[in-house]
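Structure at a glance
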Amino acid sequence: MTTQGDPRAARRGAAVRADGPAELVGPSHPEPHGRVDRGAGDRPAWRLILAGAIAAALAMISEARLGPRDPEVADPSSWWGILPSGQPADTARGVLAATAGLAVIGLCLSWLLLLARARRGTISPRAAGAAALAWAVPFAVGPPLFSRDVYAYAAQGELARHGLDPATHGINSLLSREAGGGLFIAAVDPRWRDTHAPYGGLGVGVERACAALGDLLGTGAAGTVAALRVVALISTVLLVALALRLPGGPRRADQGGRSGRCRSGRTVAIVLALLAANPFVIIHLVGGAHLDALAAALLVAALVIDRGRGTGRAPSWALGATAVAFACLAGSVKATAFLGAGWLVFVHVRDAWHSGPAAATGRPGRRAATIGTALAADTVAAALALLAGMAAGGFGPTWIGALATSGKLETGIAPASVFATLVDLAPRIVGLEWPGDSDAVLGATRALVLAVVGLTVAWLALRTWPARATARPAAQATRPLTPDAVRPTGPEPGRRDDLVVVGFGGMALVLGSPVVYPWYLALSVPFLAALVALAPSPPGRQTRAAVGLIAVTSVWLCLATLSPLAATWRLLGRADPLLGAALVVVSAAVVSAATVPAVRRRTTVRRRTIPAPRPEARTRPR
């Protein structure tokens, strides 16, 4: 029997070419019922999951035993005995720092291999979800690591509980309130004890609620941090669950008249691999308990709600206004989430311009009325959401002025900071100097980079306007006008412009900021992950760019937050050279053990070929 008539060969994804033998490849398109090609490459998935889980556990334990990086900082609790009671010796710090670094590298490598399998369609959604869960458990039960921002959240919540606005008061103000405030202050990095919090009303409200819970239970700073960890865990779970709805896109009518969502097992596996199993999500959103997880969950919910416009369940303007409200709530946690709110208002105006009676009859008055309805609904929703956020925090919009705090900071790994340094050093190569000082050069370069970011976001949004104009069929103009025609319709089926603008625009905003941390990726990676999952096979340039951005930035920023290896180098300098050689050999063995089997399996799959039948030899299957 030929390959054409063999259903088993079709299920294995065998591609038959007329010009020669074919290769065994995964399915070129997602399967409609969520099935994933289960070839030879999917059998040892548990080894990859186990390797990542071991790396995650080692990273958590090693980083936790290192203790605070600043000797002036003290943890409010031992976190079930995981955190040390004092600073470890220099020798122990060298070993622990090296172990934590190698473990994070191993976790990132395991994730890259998982991502490669998900894109090839050789891993099931259950395996991808199991990997994310197994890798996240050590960081979920362990103490906050690689960042002490959650201790600053706790102290800001304690400030708000005492009626002090974190946007106008530093954490040191707790010293004048009660004796227990010293525990909150001692846990915060000294750099942030006098700075003002740039978080919106809803963010402060969450911090205050956690501080109130810690005070009610009598656990103080430790209980507040634990409550914030629970908030981060719930927010991360909601973020992943909502992100899985984005690739489903707008609902479509099936042959039976019912509506359904286009989502396959390969699509789910890609989203889980790109987002849920991502090291920055596991290490920093789960382990670090950052509020960015809450902001990202609210922003993803906004886009999910907005994609329901035009389904007939509710008026389009009502769903659009609800989406804007959720986006503004996300912005009241992290200001960068207002990018999503701006996009939603823009897309509602765009859809109102290209739909309704104005588009059908060409009457400017009707078009202006439709646009005015959409803008009025969005404005009211945004105002109510911002008022609700301020009510939750208990203070006015004072956090807007505190946003300048971030503008005074910088991280050396930020592309904007690197660019500013290069601009500052360029004239010195030829013996010249800039007219102003280094701060003036830094300010000018920051303004230039932010202008480029703004132009990039505007270009991404404006290029969707003419595409929307041609998306409507010409026959729509002949349809009779109905009362529903005055409402802007929802997004076109199959369109991904919201994912492109918020995903790539959010990534440009992250990379263009003078301060870059891994948890900042939470407001862009979910949308890029959904964009990759929706892409057809073979992937295009946009899909490859999205995957490359997620992979490079996630690994690069996670490695940038590792503990300094100064103690490790001192330890190696005092030890026998054989110790350094042994460390190199062990590292090479770990990398080889993770990569060689994958390369070998891929080569084996490629070598398995099926001879193509000759055209004259084909027969009908009996």
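Residues numbered from 1 in each chain as written. Predicted model: local features only at pLDDT ≥ 70, side-chain atom pairs only at ≥ 80, totals over all residues. Heavy atoms only, no water.

Topic: the overall build of the protein
When helices and strands are tallied, the protein shows 25 helices and four strands. Pairs at least 24 apart in sequence give 78% of the contacts found in the protein among residues at least 6 apart. Taken as a whole, the protein presents about 28,700 Å² of accessible surface, with 64% of it coming from carbon and sulfur. (Helix = DSSP H or I, 4+ residues; strand = E, 2+ residues; numbered from the N terminus. Contact = heavy atoms within 4.5 Å. Areas by Shrake-Rupley, 256 points an atom, 1.4 Å probe, with all protein chains shown as cover.)

What about a nonpolar patch on the surface?
A contiguous nonpolar patch, built from Trp 46, Leu 50, Ile 54 and Leu 58 and spanning about 410 Å² of accessible area, is present on the exposed surface. Note that Ile 54 resides in helix 2 (residues 45-66). (Patch = residues over 30% accessible without salt bridge, like charges linked within 9 Å, V, L, I, M, F, W, Y side chains within 5 Å. Salt bridge = Lys/Arg side-chain N within 4 Å of Asp/Glu carboxyl O.)

Focus: the packing of aromatic side chains
Within this structure, the stated rule accounts for nine aromatic pairs. The interplanar angle of 35° and the centroid separation of 5.8 Å between the aromatic rings of Trp 343 and Phe 346 together place this pair among those described as tilted. Within this pair, Trp 343 and its partner Phe 346 are both found in helix 13 (residues 338-353), separated by three residues, close to a single helical turn. According to the relative accessible area criterion, Trp 343 is buried, its value standing at 3%. (Phe/Tyr/Trp six-rings, centres within 6.5 Å; stacked < 30°, edge-to-face > 60°. Buried < 20%, exposed > 50% of the residue type's maximum accessible area, 1.4 Å probe, protein only.)

Quick word on the pattern of salt bridges
Here the structure, examined in full by the defined rule, presents eleven salt bridges. Put simply, Glu 63 and Arg 69 hold a salt bridge, and the shortest N to O gap is 3.1 Å. According to the relative accessible area criterion, Glu 63 is buried, its value standing at 5%. Judged by relative accessible area, which is 39%, Arg 69 ranks as partly exposed. Close ionic contact of Arg 161 with Asp 215 constitutes a salt bridge, the shortest N to O distance being 3.3 Å. Here Arg 161 is found in helix 5 (residues 149-161), whereas its partner Asp 215 is found in helix 7 (residues 201-217), with 54 residues between them in sequence. Under the relative-accessibility criterion, Asp 215 is labelled partly exposed at 43%.

Observations concerning the packing of helix 5 against helix 7
Geometry of a packed helix pair, given as the angle between the helix axes and the separation of the axes. Running from N to C, helix 5 and helix 7 point in directions that differ by 85°, and their axes come no closer than 7 Å. If you check the angle between helix 5 and helix 7, you find them roughly perpendicular. On helix 7, the residues touching Tyr 153, Gln 156, Gly 157, Glu 158, Ala 160 and Arg 161 of helix 5 are Val 204, Glu 207, Arg 208, Ala 211, Ala 212 and Asp 215. Grouping the constituent residues of the contact of helix 5 with helix 7 by class yields five nonpolar, two polar and five charged. (Axes fitted to C-alpha atoms, helices over the stretch in contact; angles between N-to-C directions. Parallel < 35°, antiparallel > 145°, perpendicular 65-115°, else oblique. Nonpolar A, V, L, I, M, F, W, Y, C, P; charged D, E, K, R; others polar.)

Focus: unusual backbone geometry
Peptide bonds are, in most cases, trans, and in most cases residues other than glycine have a negative phi. Positive phi values are uncommon outside glycine, yet Trp 79 reaches one of about 50°. Along the chain, Trp 79 turns up in the loop between helix 2 and helix 3 (90-120). The class of Trp 79 is buried, set by a relative accessible area of 10%. Positioned with a positive phi, Trp 80 is a non-glycine residue whose angle comes to about 60°. For Trp 80, the location among the structural elements is in the loop between helix 2 and helix 3.

Digging into the environment of Ala 414
Tracing the chain through its elements places Ala 414 in the loop between helix 17 (404-407) and helix 18 (415-425). Assessed through its relative accessible area of 0%, Ala 414 is described here as buried. Once the C-alpha coordinates of Ala 414 and Leu 557 are considered, the two residues, 143 residues apart in sequence, prove to be 9.6 Å apart.

Regarding helix 5
Helical periodicity: at 3.6 residues per turn, an α-helix aligns residues three or four positions apart in one direction. Compared with the 18 Å implied by 1.5 Å per residue over 13 residues, the 18 Å span of helix 5 between its first and last C-alpha is a close match. With twelve of its 13 residues buried, helix 5 lies for the most part within the structure. Within the sequence span of helix 5, burial applies to Asp 149, Val 150, Tyr 151, Ala 152, Tyr 153, Ala 154, Ala 155, Gln 156, Gly 157, Glu 158, Leu 159 and Ala 160. Close packing links the buried residues of helix 5 with helix 6 (181-186), helix 7, helix 8 (220-243) and helix 11 (292-306). Once helix 5 finishes, Gly 163 follows within two positions and takes phi at roughly 85°, a positive value. (Expected span 1.5 Å × (residues − 1).)

Thoughts on the confidence of the model for the protein
The predicted model of the protein has a mean per-residue pLDDT of 79, with 74% of residues at 70 or higher. Considering only residues more than four positions removed or in separate chains, one finds that residues 249-262, a stretch of pLDDT under 50, has 22 contacts. (pLDDT = per-residue confidence, 0-100.)

Structural notes on the side chain of Asp 165
Structurally, Asp 165 is set in the loop between helix 5 and helix 6. For the buried residue Asp 165, which engages in no salt bridge, the nearest side chain bearing the opposite charge is Arg 208, 9.5 Å off. A polar atom in the side chain of Asp 165 sits 2.4 Å from the side chain of Thr 398. Apart from residues no more than four positions distant in its own chain, Asp 165 is found in contact with Phe 395 and Thr 398. (Lys, Arg positive; Asp, Glu negative; His and termini not counted. Polar contact = N/O pair within 3.5 Å; in protein donor to acceptor, adjacent residues only side chain to side chain.)

Side note on the nonpolar core
General note: in soluble globular proteins, nonpolar side chains tend to be found buried as a group. Among the nonpolar cores identified, the biggest contains 135 residues, and Trp 135 and Phe 139 are the most heavily contacted of them. Per-element tally for this core: the top contributor is helix 11, with eleven residues. Once residues lying within four places of it in the same chain are set aside, the contact partners of Trp 135 are Leu 48, Ile 49, Gly 52, Ala 53, Ala 56, Leu 107, Ser 110, Trp 111, Leu 114, Ala 277 and Ile 282. In terms of nonpolar packing, the next biggest core, distinct from the first, is built from six residues, Leu 339, Val 449, Val 453 and Val 457 among them. (Core = buried A, V, L, I, M, F, W, Y, C linked by side-chain atoms within 4.5 Å.)

Some remarks on the packing of helix 2 against helix 4 (residues 125-141)
Helix 4 packs onto helix 2 with a crossing angle of 15° between their chain directions and a minimal axis gap of 8 Å. Considering their axes alone, helix 2 and helix 4 lie roughly parallel with respect to each other. Seen along the crossing, helix 2 lies across helix 4 with a hand that is right-handed. Residues Ala 45, Leu 48, Ile 49, Gly 52, Ala 53, Ala 56, Ala 57, Ala 59 and Met 60 of helix 2 touch helix 4, and the partners they reach there are Ala 127, Ala 130, Ala 131, Ala 134, Trp 135, Pro 138 and Phe 139. (Left-handed = near helix turned anticlockwise from the far one by under 90°.)

Points about the environment of Gly 203
Note that Gly 203 resides in helix 7. Looking at Gly 203, the relative accessible area reads 0%, which means it is buried. Taking the C-alpha atoms as reference, Gly 203 lies 7.6 Å from Lys 334; in sequence the two are 131 residues apart. Residues contacting Gly 203, with those up to four places away along its chain left out, are Leu 291, Ser 332 and Val 333.

Points about the environment of Gly 288
As for its placement among the helices and strands, Gly 288 is situated in the loop between helix 10 (279-286) and helix 11. Sequence-wise, Gly 288 and Ala 232 are 56 residues apart; in three dimensions their C-alpha atoms are separated by 8.5 Å. Look past the residues within four positions of Gly 288 in its chain and what remains in contact with it is Leu 145, Val 150 and Ile 283.

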